[in-house]
Amino acid sequence: MLKIGVLVSGNGSNLQAIIDRIEAGELQAEISIVISDREDAYALKRAARHGIENMYIDPGKFREKREYEGKLVQVLKERGVELVIMAGFMRLLGPYFIREFHQRVMNIHPSLLPSFPGLRPQLQALEHGVKVSGCTVHFADEGMDTGPIILQGAVPVYDDDTEETLSARILEKEHQIYPEAIKLYSEGRLKIEGRKVRIL
Ligand code: GAR
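Keep in mind that this is a model prediction, so the values were computed, not measured.

Rules used throughout
Residues numbered from 1 in each chain as written. Predicted model: local features only at pLDDT ≥ 70, side-chain atom pairs only at ≥ 80, totals over all residues. Heavy atoms only, no water. Helix = DSSP H or I, 4+ residues; strand = E, 2+ residues; numbered from the N terminus. Rg over C-alpha atoms; globule rule 2.2 N^0.38 Å. Buried < 20%, exposed > 50% of the residue type's maximum accessible area, 1.4 Å probe, protein only. Contact = heavy atoms within 4.5 Å. Polar contact = N/O pair within 3.5 Å; in protein donor to acceptor, adjacent residues only side chain to side chain. Near = heavy atom within 4 Å. Areas by Shrake-Rupley, 256 points an atom, 1.4 Å probe, with all protein chains shown as cover. Expected span 1.5 Å × (residues − 1). Pairing = 2+ DSSP bridges. Right-handed = clockwise from strand over helix to strand, strands pointing away. Phe/Tyr/Trp six-rings, centres within 6.5 Å; stacked < 30°, edge-to-face > 60°. Lys NZ or Arg CZ within 6 Å of the ring centre and 35° of its normal. Axes fitted to C-alpha atoms, helices over the stretch in contact; angles between N-to-C directions. Parallel < 35°, antiparallel > 145°, perpendicular 65-115°, else oblique. Left-handed = near helix turned anticlockwise from the far one by under 90°.

Novice: Explain the overall build of the protein chain here, please?
Specialist: On a plain count of helices and strands, the protein chain comes out with six helices and nine strands. Scaling as 2.2 N^0.38, a compact globule of 200 residues should have a C-alpha radius of gyration of about 16 Å, and the protein chain matches this with 16 Å. When burial is assessed residue by residue, the protein chain has 48% of its 200 residues classed as buried. Put simply, of all contacts in the protein chain between residues at least 6 apart along the chain, 64% involve residues at least 24 apart.

Printed below as a string of structure tokens:
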């Protein structure tokens, strides 16, 4: 059974979607640990409710990013985590972490990458006037939202959309494609070729 570790910062609705798919028997994986960089992340409560080990690791306690990431790697490896899932984790992982889990870190971003990387991508999409936006699951590399793309889901953008309404529409799509990408990984069906991911 694939052991996954989930990194979160906030509400954890993507975490919930993954938990639900596992509990429904549709995803053969086990969440070994949920780690938050924020003490008040609701995602921690969701994990606890499902009997999943969860932990707040305060990045402020470490002098350098490298040390903080060292702690994350230690906790994940102690639990035998094979795949790291960033689910609304609002930090850029550095070279050390990415090397330790080489091609084994996934991220979800609420835009159709490579459009609108970085912060508030839904607002960026609205301000740019695009007619279609969506979400992207990709393998994380050292860049900001730059790694090889696994799956994308598109949604329409309407004239009267606000950041909130567009975010909600995209989030619904995220809940479909993130568990799907993890399922493909668990079945050994993702092959990274340069900057592309081939689905076998
Ligand atoms: C999601 O929309 C996710 O794509 C986004 O944060 C939200 C987290 O929601 N992530 C990023 O913007 C990362 N750059 P959730 O906590 O309810 O899963």
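Novice: What is the right way to read the side chain of His138 from this model?
Specialist: Note that His138 resides in strand S6 (residues 132-139). Among the residues examined, His138 registers a relative accessible area of 2% and is labelled buried. Those residues in contact with His138 that sit more than four places away from it in its chain are Val105, Met106, Asn107, Leu113, Asp145, Thr146, Gly147, Pro148, Ile149 and Ile150.

Novice: Help me understand the environment of Thr146, please; the structure alone is not making it clear to me.
Specialist: The residue Thr146 is located in the loop between S6 and strand S7 (149-156) in this model. For Thr146, a relative accessible area of 34% puts it in the partly exposed group. For the pair Thr146 and Ile182, spaced 36 residues apart in sequence, the C-alpha separation works out to 18 Å. Thr146 has contacts with His138, Asp141 and Arg195, leaving out every residue within four places of it along the chain. Polar contacts involving the side chain of Thr146 include one to the side chain of Asp141, which spans 2.5 Å.

Novice: Just to check I follow, could you spell out the site of the ligand for this structure?
Specialist: Around the ligand sit Asn11, Gly12, Ser13, Asn14, Gly88, Met90, Ile108, His109, Pro110, Leu171 and Glu174, and those are all the residues in its vicinity. In the environment of the ligand, an oxygen atom lies 3.0 Å from a nitrogen or oxygen atom belonging to the backbone of Asn14. His109 has a polar side-chain atom sitting 3.4 Å from a nitrogen atom of the ligand. The protein chains hide 86% of the 450 Å² of surface that the ligand would expose on its own. Counting only elements with at least two residues in the shell around the ligand, the list comes to helix H1 (13-23), strand S5 (105-109) and helix H6 (163-186).

Novice: I would appreciate a short explanation of helix H3 (residues 65-78) in the present structure.
Specialist: Given 3.6 residues to a turn, an α-helix orients residues that are three or four positions apart in the same direction. A rise of 1.5 Å per residue sets the reference length of H3, with its 14 residues, at 20 Å; its end C-alpha atoms lie 20 Å apart and thus fit the reference within 8%. By the burial criterion, the buried members of H3 are Tyr68, Glu69, Gly70, Leu72, Val73, Val75 and Leu76. Here the buried face of H3 lies against strand S1 (2-8), strand S2 (29-36), strand S3 (54-56), strand S4 (83-86) and helix H4 (95-100). One or two steps after H3, the chain reaches Gly80, where phi turns positive at roughly 70°.

Novice: Sorry, what's going on with the pairing of S4 here?
Specialist: Note on strand geometry: in a regular strand, side chains alternate between the two faces of the sheet. The two faces of S4 match: Leu83 and Ile85 on one face and Val84 and Met86 on the other face are all buried. Judged from the four bridges that link them, S1 and S4 form a sheet pairing that is parallel. Bridge pairing in S4 places Gly5 opposite Val84. Direction of pairing for S4 relative to S5: parallel, over a ladder of three bridges. Looking at S5, one finds that Met86 is bridged to Asn107. Remark: the S4/H4/S5 crossover connection has right-handed handedness.

Novice: Even after reading the chapter, I still don't get the pairing of strand S9 (residues 196-199), so can you show me in this structure?
Specialist: In this sheet, S9 lies alongside strand S8 (residues 190-193) in antiparallel orientation, the contact comprising four bridges. When the bridges of S9 are listed, Glu193 appears paired with Lys196.

Novice: How do you make sense of the packing of aromatic side chains when you look at a structure like this?
Specialist: Centre distance and the angle of the planes are the two values used to describe a pair of aromatic rings. Taken as a whole, this structure holds three aromatic pairs when the rule is applied. Above the face of the Phe101 ring, Lys77 is positioned so that its terminal group lies 5.3 Å from the ring centre.

Novice: Looking at this model, I keep getting lost on the packing of H1 against H6. Mind explaining?
Specialist: A pair of packed helices can be characterised by two numbers: the angle between their axes and the separation between those axes. Two numbers describe how H1 lies on H6: the axes approach to 9 Å, and their chain directions differ by 50°. The pairing of H1 with H6 is recorded here as oblique in orientation. Where H1 crosses over H6, the handedness of that crossing is right-handed. Contacts from Ser13, Asn14, Ala17, Ile18 and Arg21 in H1 reach Leu171, Glu174, His175, Gln176, Tyr178, Pro179, Glu180, Ile182 and Lys183 in H6.

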